[in-house]
Amino acid sequence: MTAAPMRSASLPVAIDHPVFAGHFPGAPIVPGVLLIDWALAAIEAAENIDLMPGELNVVKFLQPVAPGADLLLRYTVAGNTDGAAPKITFRIECGAHLMASGSATALPLSTMTDSDQ
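The sections below set out a description of the structure shown in this document.

### Some points on the pattern of salt bridges
Here is step 1: Summed over all chains, the structure comprises three salt bridges.
Here is step 2: Where Arg7 meets Glu47, a salt bridge forms, and the shortest distance between an N and an O atom there is 3.3 Å. Of this pair, Arg7 sits in strand β1 (residues 7-12) while Glu47 sits in helix α1 (residues 32-47), and the two are 40 residues apart along the sequence.
Here is step 3: Bridged by salt links that share partners, the residues Arg74, Arg91 and Glu93 form one connected network.

Shown next, in the form of structure tokens:
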């Protein structure tokens, strides 16, 4: 079995994004949930896959991300053939610094329960 190819996408952080007004005034950083949302949305768009519903298996936030950061998303997609749920691993980098990393799995709609919807 061959390893899934590493792909990449740019994740620019607008210096004037409205989230910075409240997170945190005087020392703004990107909320982790927004960082993950941007990463998963970029992967969905680039790969033409739907990661929702899905689950985050592991997420690590290693360094805060400031306004104006030029982030690079590096990711792999495995298992997106023959009906297998896509498995994603990702890294978010800023220059030589690793800012966040994690993995996610898309879940088929048939696995959802009423409480998930």
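Text resumes after the structure shown.
### Describing the nonpolar core
In globular proteins that are soluble, nonpolar side chains generally tend to be buried together.
Here is step 1: Grouped together as the largest cluster of nonpolar side chains are 28 residues, with contacts concentrated most on Ile43, Leu71 and Leu73.
Here is step 2: Where this core is concerned, the elements lending two or more residues are β1, α1, β3 (70-78), β4 (87-94) and β5 (97-106).
Here is step 3: At eight residues, the largest contribution of residues to this core is made by α1.
Here is step 4: When sequence neighbours within four positions are dropped, the list of residues in contact with Leu71 reads Ala9, Ser10, Leu11, Val13, Leu35, Val65, Ile92, Glu93, Cys94 and Met99.

Analysis parameters
What you see as residue numbers is a count from 1 along each chain, following the sequence as written. Totals for whole chains, interfaces and linings use all residues, but because this is a predicted model, local features are given only for residues with pLDDT of at least 70 and pairs of side-chain atoms are given and counted only at 80 or more. Just so you know, side-chain values use all the structure's heavy atoms and leave hydrogens and water out. The rule for a salt bridge is simple: a side-chain nitrogen of Lys or Arg has to be within 4 Å of a carboxyl oxygen of Asp or Glu. Helical segments are the DSSP runs of H or I of at least four residues, strand segments are the runs of E of at least two, and each set is numbered from the N terminus. The nonpolar core is taken to be a set of buried Ala, Val, Leu, Ile, Met, Phe, Trp, Tyr and Cys residues, with the residues joined through side-chain atoms within 4.5 Å. The classification of residues rests on relative accessible area computed with a 1.4 Å probe and restricted to protein chains. Under 20% of the type maximum is buried, over 50% is exposed, and intermediate values are partly exposed. By the convention used here, residues are in contact when the closest approach between their heavy atoms is within 4.5 Å.

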